[in-house]
Every structure is written in structure tokens, then in C-alpha cells.
Amino acid sequence: MAYMTPICKLNSDEFKSLYVKREDMIPYSFGGNKARKAFLFFEDIDKGDYDYVVTYGSSHSNHCRVVANMAAERGMKCVIIGPQEVSDSTYNSRMMELFGAEIITVPVNDVSATIDSKMQELTDYGHKPYFIMGGGHGNIGTQAYVECYDEIIEFEKENKIHFDYIFFASGTGTTQAGLVCGQLIHGDDRKIIGISIARKNPRGRDVVIDSIRDYLNGEYSEGEIQDKTIFLDDYTGDGYGVDSTEIQGTIEKSLVMYGMPLDSTYTGKAFLGMEKYIRQNSIADKNILFIHTGGTPLFFDELNKMRR
Ligand SMILES: *Cc1c(COP(=O)(O)O)cnc(C)c1O
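Keep in mind that what you see is a predicted model, and the values were worked out from it rather than measured.

Enquirer: How should I be thinking about the nonpolar core in this particular structure?
Expert: The tendency in soluble globular proteins is for nonpolar side chains to be buried side by side. Among the nonpolar cores identified, the biggest contains 30 residues, and Leu-18, Phe-167, Phe-271, Met-274, Tyr-277, Ile-288 and Phe-290 are the most heavily contacted of them. In terms of residue count, helix H10 (residues 267-280) provides more of this core than any other element does, 6 residues in total. Contacts of Phe-167, omitting those with residues within four sequence positions, involve Ile-193, Ile-195, Met-274, Tyr-277, Ile-283, Ile-288, Leu-289, Phe-290 and Ile-291.

Enquirer: Looking at this structure, how should I read the domain arrangement of the protein?
Expert: For interface size, the figure often reported is the accessible area lost on association. Structurally, the protein comprises domain 1 (7-31 + 138-305) and domain 2 (34-136). The interface is formed by 27 residues belonging to domain 1 together with 24 residues belonging to domain 2. Interface area for domain 1 against domain 2, summed over the two sides, is near 2100 Å², with a carbon-plus-sulfur share of 58%. Our count for the contact surface shared by domain 1 and domain 2 stands at 2 salt bridges. In this structure, Glu-23 and Arg-36 form a salt bridge, with 2.6 Å as the shortest nitrogen-oxygen distance. Counting every contact that joins domain 1 to domain 2 gives 9 residue pairs in polar contact (both at pLDDT 80 or more). Of all the secondary-structure elements, those providing two or more residues to the side of domain 1 that touches domain 2 are helix H5 (139-159), helix H6 (174-186) and helix H11 (296-305). It is H5 that contributes the most residues to the side of domain 1 that touches domain 2, 8 residues altogether. For the side of domain 1 that touches domain 2, the per-class residue count stands at 12 nonpolar, 10 polar and 5 charged.

Enquirer: Honestly, a nonpolar patch on the surface in this entry has me stumped. Any pointers?
Expert: Where nonpolar side chains cluster on the molecular surface, the patch consists of Tyr-56, Phe-131 and Met-133 and spans about 230 Å² of accessible area. Inspection of the secondary structure puts Tyr-56 in strand S3 (residues 52-56). The class of Tyr-56 is partly exposed, set by a relative accessible area of 30%.

Enquirer: Can you help me understand the site of the ligand in this one?
Expert: Close contacts around the ligand come from 15 residues, with Lys-34, Gly-171, Thr-172, Thr-175 and Thr-293 the closest. Side-chain polar atom of Lys-37 to an oxygen atom of the ligand: 2.7 Å apart, as the coordinates give it. Within the backbone of Gly-171, a nitrogen or oxygen atom sits 2.7 Å from an oxygen atom of the ligand. When the free accessible area of the ligand is taken as 380 Å², the share hidden by the protein chains comes to 98%. When contributions to the shell around the ligand are tallied by element, the ones reaching two or more residues are helix H1 (33-46), strand S7 (165-170) and H6. Broken down by element, the shell around the ligand gets its largest block of residues, 3 residues, from H1. Its residues assigned to classes, the shell around the ligand shows 2 nonpolar, 11 polar and 2 charged. Split by domain, the shell around the ligand shows at least three residues from each of two domains, domain 1 (7-31 + 138-305) and domain 2 (34-136).

About the thresholds
- Residues numbered from 1 in each chain as written.
- Predicted model: local features only at pLDDT ≥ 70, side-chain atom pairs only at ≥ 80, totals over all residues.
- Heavy atoms only, no water.
- Core = buried A, V, L, I, M, F, W, Y, C linked by side-chain atoms within 4.5 Å.
- Buried < 20%, exposed > 50% of the residue type's maximum accessible area, 1.4 Å probe, protein only.
- Helix = DSSP H or I, 4+ residues; strand = E, 2+ residues; numbered from the N terminus.
- Contact = heavy atoms within 4.5 Å.
- Domains from an automatic or database assignment.
- Buried area = accessible area lost by both parts, 1.4 Å probe.
- Salt bridge = Lys/Arg side-chain N within 4 Å of Asp/Glu carboxyl O.
- Polar contact = N/O pair within 3.5 Å; in protein donor to acceptor, adjacent residues only side chain to side chain.
- Nonpolar A, V, L, I, M, F, W, Y, C, P; charged D, E, K, R; others polar.
- Patch = residues over 30% accessible without salt bridge, like charges linked within 9 Å, V, L, I, M, F, W, Y side chains within 5 Å.
- Areas by Shrake-Rupley, 256 points an atom, 1.4 Å probe, with all protein chains shown as cover.
- Near = heavy atom within 4 Å.

Here you go:
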């Protein structure tokens, strides 16, 4: 089931033409890019006779929340393998528990082996498990963001606007891979800029490029792919999930000025990175689209941390 998410203009004095595509408003389990991807994964799941879904992610994972929700809805069992290092209680992890997911936490270095042994164990007991990579990585996840790109093109046509820049939080890079594939397919010109929330280059960008190659299967030249993939690692701060007073300031300002919730792991960090990039490159007069990739439950974790 595909939902068209709204694109709204922000009322900003500094940024004259800044729009946001509200993926957080996908009407399922607090939405977000993980919901858009999971809809497609579950379309695939529904074609088979699977009785288990196995995936991985931390207690902060939006992906695990949405997958656990969709599995529970179908009466399917859901197994989530997560790193001990990030296993504190959050709104996302509490919902995973509410959905009845089996959560297995192991040291991060054992995650991969634990997935393999769990899949084997389920198969040995006569079950049929479906595995989804963390964050909804893979061609199905990429496809979800090719479709999102189609929606952006449709909005541009209807509203006679052309976005010169598209910014968003880039993690596993699947969202970015889908957008870049969409751009190559449509053949249009603009800068699609993934703001890394954790990974550094060259690896961060290489993972995006691998996903693009994998999806396009040799249809476009290496030069085109290289040219269109912009992955900025200047705004990762102190690493994945690490908050700062600057990010908290961005989150507060966004809620007060735009009525728009952001979180410190993904959207707040990316929004702040985008603001800095716009100033550094003097592009405040351009048509800019920020993709709000979701993570609303993380906003509430943030709110609990804020002190006034
Ligand atoms: C997972 C996630 C991202 C990153 O998406 P990728 O496709 O993994 O790059 C960005 N924002 C939010 C809110 C997320 O949950």
C-alpha cells in the first residue's frame, strides 16, 4: 500500500523556499522511511507462507518498531536481534515489547553469527523465517525510495516548482540509493545530498553506491552514478545516536517555529547539517526540499531528556 506524503513549505525568514516532505506522516506506526520500506517487504512476505520475520537493530530502531508492528498485525512471530551496547529502554523498544517481538541482545560483534544461528534453528524446527536486513536495506528498500522520488516529481509538476537541492538523514544509505536511482531514471538535474548521521567516507558513500549498482543492474554508467551520489560526513558530530546541545537547540527551534518534531539521531542532526551547508554554500535563495524521514517516537525520548 503506497501513501503519498505531504510536502509543506516552512515559514522561515532565513530560508526563502524551504519545503519538507513529511515521511513521518505515513499513517502507520508513526510512519517514517522504515514504514515506507516495510510496506514493500511485507508485500513480498505476504506472497509466501512465512511464519517468522527476523531482523536486527538497536532498541532505538524505527525499523524494528515498524516490522514488529506489521508482524503482530498478521499474527506472525518477530525476532529482533540487537546489540547489547545500545539496548536501553526507549519508546521504540517498549512498542517492540508490546507487539510481542522476541528480542535477543548480544554483543555487537556477535550479532551476525546470532542471526545465522537463529535462522538455522527456526528452519530446523520446521518454521519458515523471512529475513530483513537492518534498516530495511536491500533492493526492496531502495525501490521504496524510487517511489518516493516519483512522488517528488509529481509534486513539482503540479506545483510548478523545481527543487535545486534535496537533503535528508543518510544511515544505511538505502533511502539515498532509492532517490539517486529515481533521479537517474527520470534524468533530471539537481543535487541530492545525504547528510551522514554516523558513517564516514569513503565507506559511507561506497555503501550507497553499492546499493545503487545493485538496484540498477548495470543500466547506467559508473560515471553517472559517481556524479550523483553526494554523501556528506561533515555533520556526524560525535557518532551514531550521540546528542549535542546544538542538536537539541535545532529540535527545540523546529518544534517552536515550525511545529515540526525532529529527533537527535536522524532528522535533527540532518536538519542542522543542512542549515550549516546552506549557509556555508550561500544557497539560501534556492528551492530546497528536506525529507523528514520519521522517528517520531525518538522525539519523545528526546523530550524526556530536555530540561527547562
Ligand atoms: C533509518 C532512518 C534514517 C536513515 O535511513 P537509511 O535508509 O538507513 O539511510 C533516517 N531517518 C530516520 C528517522 C530513520 O529511522
